[in-house]
Structure formats: C-alpha cells, structure tokens
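Structural features, examined
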Amino acid sequence: MYVSRLSCRLPARALSTSAPRLTLSASALPKAERISAEWKGTSATGGTTKNFIGGEWIDSKTSEWIDVVDPSTQTLLSRVPQTTGSEFAQAADAASRAFKTWRQTSVLGRQRFVLNLQQLIRENADAIANSIVLEQGKTIADAHGDLLRGLQVVETSISITSTLMGDHLEVSKDMDTVVRKVPLGVCASIAPFNFPAMIPLWTIPMAAVTGNTLILKPSERDPGAAMMIAELCQRAGLPPGVLNVVHGGVNTVNAICDHPDIKAISFVGGDRAGKHIYERYVAVLI
C-alpha cells in the first residue's frame, strides 16, 4: 500500500441539497458555459457531476449531494454525488473485469495510451485550467502550473518500456535470481482539494502503463479537472473499466479501504485522513 502525505488540513464540507443562486463574473460565465457544453462528466453552470464507471458517464441515484461553488461569488457550479454503495460496487467490479484483459495488453500498447494522453492534455490545458480557477480559486497561472506538474508524470510514464524491464542475476554456479515486474490488480487513488489536476495525473498514467486498473476519488470540492482528465483518457484509447471515477466524502473513502479487490491505495492529504486510511486498509489486509 502507498500512503503519501502532503501537509494540508481542510475543513469538513457538509452535504447539502441547495446552494446560493448567484452569478459568475462576465469573464467567468462564458468559460463555465463552455465547460458544461463540451465536457460529458462535469458541469460549471449548476448541473450535476457524473460517476465514470466501466467507460460510461452515469448519473448517480444518490439522495445526498455536495454543492461545488465558485469561491469568489459563491455561485453554484455543480452538484457532486455521494456515490452509493451499489454504484461503488459497480466501479470495483468494472475495474476487476478490466484488469483481466488490460494486464495482458502489451507494454507498447499501454505506452501508446500515455503518448496520446499527453498530447490531449496539452491541447485541452486551457479548459482544464479554467475549471480549476472556477472550482478551486487558483489564478490561471497557478492552475496551469498544477496541470503542468501532473503532465510531467504523464511524460515520465512514457519511459515504461525501460522501467518495466526485469533482471537476471547469476548468484553462483547453478543458481540464478530472476526479477519480473507484474501488475498488482485494482488500485485506488484518493486526491485532495488543493491539487485537483496534479494528483490524479500522478496516479492515472502510472497505474495504467504498469497494467493495473484504477478507481479514482477526486476531492468532492473540485472534481471538474479530474472528470475532464478522465474524458481525455477515454479519448486517448483507454479501455472501459481501466479507469473509474467515483465521488463523495468519508463514506466513499471507507468503501475504498474496505473493498477486498483493491490491492493498493495512493493518498495525498492531511495526517488525520492519512492515518485513518492506513489503519482501516491495513485491517482489511490482515
């Protein structure tokens, strides 16, 4: 299991069923409307954020929603679902089924995916950065920096043809040691509020090129960038089920920790959440 911790303590965000009906600025509104019109999984004009399960954009059946608002005006941008137990089970099942074939895909085939992805990220960098500005409140320059740091990991993962090479060592006469690097299985990534593009891009390409499948839970406070990246993964040729995106708060985190098919968890966030994830997940492994 992997737990990396970045010092940041975020206030709890309550579930709600309504939000202020305010208005974006004249410069922000066209960008929000374009995001809603051009991207399948997210909204920046008061609609709902979807789950991405088995290659499909799915409206949640939940009764619990989390409002995402523009920090500068408190305008409702999107409503994020607290993914239900059955929806999470569907995501885990999709990842498990996809792993059976994805692990058999050639290293060159998996490398082709990340080559395509890095080009699509460059072509859509402005749209992703605009989503970060709207939801998270960063400046446009800082939002592009967030995305750039993630893109660097995508580019690093292109070297997978070298980094996945095994090893053979002759220890002594008639005794050899052979090293083979094989996929783990279904993995999970829990991302924080403060880097909505960078952290998903730390985990999605690395999980995919090494033959694993991934369940991503972006922050419920700014999931737009992650949903756009998921759509770019689909456009780049990633097969259904290799990447699944679910949403929510503690209940979704606990579902990730408790699921027996999940073989590794990547987490970036505060110490309190990191210790909870570690202790709960270790209990399942034991």
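Counting restarts for each chain: residues are numbered from 1 in the order of the written sequence. Local features are withheld for residues below a pLDDT of 70 in this predicted model, meaning they are given only at 70 or higher, and side-chain atom pairs are given and counted only at 80 or more; totals for whole chains, interfaces and linings count all residues. As a convention, hydrogens and water are excluded, and side-chain values are obtained from all of the structure's heavy atoms.

1. A short note on the overall build of the protein chain
Numbering of helices and strands runs from the N terminus, with a helix taken as a DSSP run of H or I at least four residues long and a strand as a DSSP run of E at least two residues long. A count of helical and extended segments in the protein chain gives ten helices and eleven strands. Its C-alpha atoms give the protein chain a radius of gyration of 19 Å, near enough to 19 Å, the size a compact globule of 286 residues would have. For the C-alpha atoms alone, the extent of the protein chain along its principal axes is close to 75 × 40 × 35 Å. Each residue is assigned to one of three classes by its accessible area relative to the maximum for its type, calculated with a 1.4 Å probe on protein chains only: buried under 20%, partly exposed between the two thresholds, exposed over 50%. Expressed as a percentage of the 286 residues in the protein chain, the buried residues total 52%. Residue contacts are counted whenever heavy atoms from the two residues lie within 4.5 Å of one another. For the protein chain, restricting intrachain contacts to residue pairs at least 6 apart in sequence, the fraction spanning at least 24 positions comes to 77%. Carbon and sulfur atoms form 53% of the exposed surface of the protein chain, whose accessible area is close to 13400 Å². Positive charge is attributed to Lys and Arg, negative charge to Asp and Glu, and no charge count is given to His or to the chain ends. One atom stands in for each charge, and that atom is NZ of Lys, CZ of Arg, CG of Asp or CD of Glu. Each charge class in the protein chain was averaged separately, 28 positive and 26 negative side chains, and the resulting centres sit 1 Å apart. We compute the radius of gyration from the C-alpha atoms alone; for a globule the expected value is 2.2 Å times N to the 0.38, where N is the number of residues. Here the open area of atoms and residues is found with the Shrake-Rupley method and a 1.4 Å probe, where only the protein chains shown may cover a residue.

2. Re the environment of Q90
Relative to the helices and strands, Q90 is located in helix α2 (residues 85–102). Look at Q90 and you get partly exposed, because its relative accessible area is 41%. Along the backbone, Q90 and A188 are 98 residues apart, and their C-alpha atoms lie at a distance of 14 Å.

3. Observations regarding helix α1 (residues 28–38)
Those residues of α1 that sit buried are A28, A32 and I35. For α1, the buried positions fall inside an angular range of 60 degrees around the axis, keeping them on one side. Structural note: α1 exposes R34 and A37 on the side pointing more than 90 degrees away from its buried face. This arc is taken over the directions from the axis of the helix to the C-beta atoms.

4. Some thoughts on a nonpolar patch on the surface
Excluding any residue in a salt bridge, patches collect residues exceeding 30% relative accessible area, merging like charges within 9 Å and nonpolar Val, Leu, Ile, Met, Phe, Trp and Tyr side chains within 5 Å. Any carboxyl oxygen of Asp or Glu that lies within 4 Å of a side-chain nitrogen of Lys or Arg is treated as forming a salt bridge with it. A grouping of L169, V171 and M175 is seen on the molecular surface, where their side chains present a nonpolar patch of about 280 Å² in accessible area. Considering the arrangement of structural elements, one finds V171 in strand β6 (residues 167–172).

5. Regarding the packing of helix α4 (residues 125–136) against helix α5 (residues 140–157)
Lines fitted to C-alpha atoms define the axes, with helix axes restricted to the stretch in contact, and inter-axis angles between N-to-C directions lie between 0 and 180 degrees. At a closest axis distance of 8 Å, the pairing of α4 and α5 adopts a crossing angle of 115 degrees. By crossing handedness, the relation of α4 to α5 is classed as right-handed. The residues of α5 that touch α4, namely those facing A125, D126, I128, A129, N130, I132 and V133, are I140, A143, H144, D146 and L147. Left-handed describes a crossing whose near helix is turned anticlockwise from the far helix by less than a right angle; the clockwise case is right-handed.

6. A word on the environment of V114
Considering the arrangement of structural elements, one finds V114 in helix α3 (residues 107–123). For V114 and I58, which are 56 residues apart along the polypeptide, the C-alpha to C-alpha distance reads 25 Å.

7. Here we look at the sheet that holds strand β5 (residues 76–81)
The mixed open sheet is built from three strands, whose spatial order is β1-β5-β4. In this open sheet, the two strands that pair with only one neighbour each are β1 (47–48) and β4 (65–69). Relative to β5, β1 runs parallel, the two being bridged by two bridges. Note on β5: the bridge partner recorded for G47 is S78. The rule for pairing is simple: two strands pair if DSSP sees at least two bridges between them.

8. Structural notes on the packing of aromatic side chains
Centre distance within 6.5 Å is the pairing criterion for rings of Phe, Tyr and Trp, where only the six-membered ring of Trp is used; planes under 30 degrees apart are then read as stacked, over 60 as edge-to-face, and the remainder as tilted. Under the counting rule described, the total for this entry stands at one aromatic pair. When the ring centre of F193 is taken as origin, the NZ or CZ atom of R221, which lies over that ring, is 4.0 Å away. The rule is short: NZ of Lys or CZ of Arg within 6 Å of the ring centre and within 35 degrees of the ring normal puts a charge over the ring. The ring of W39 carries the charged tip of R235 above its face, separated from the ring centre by 4.7 Å.

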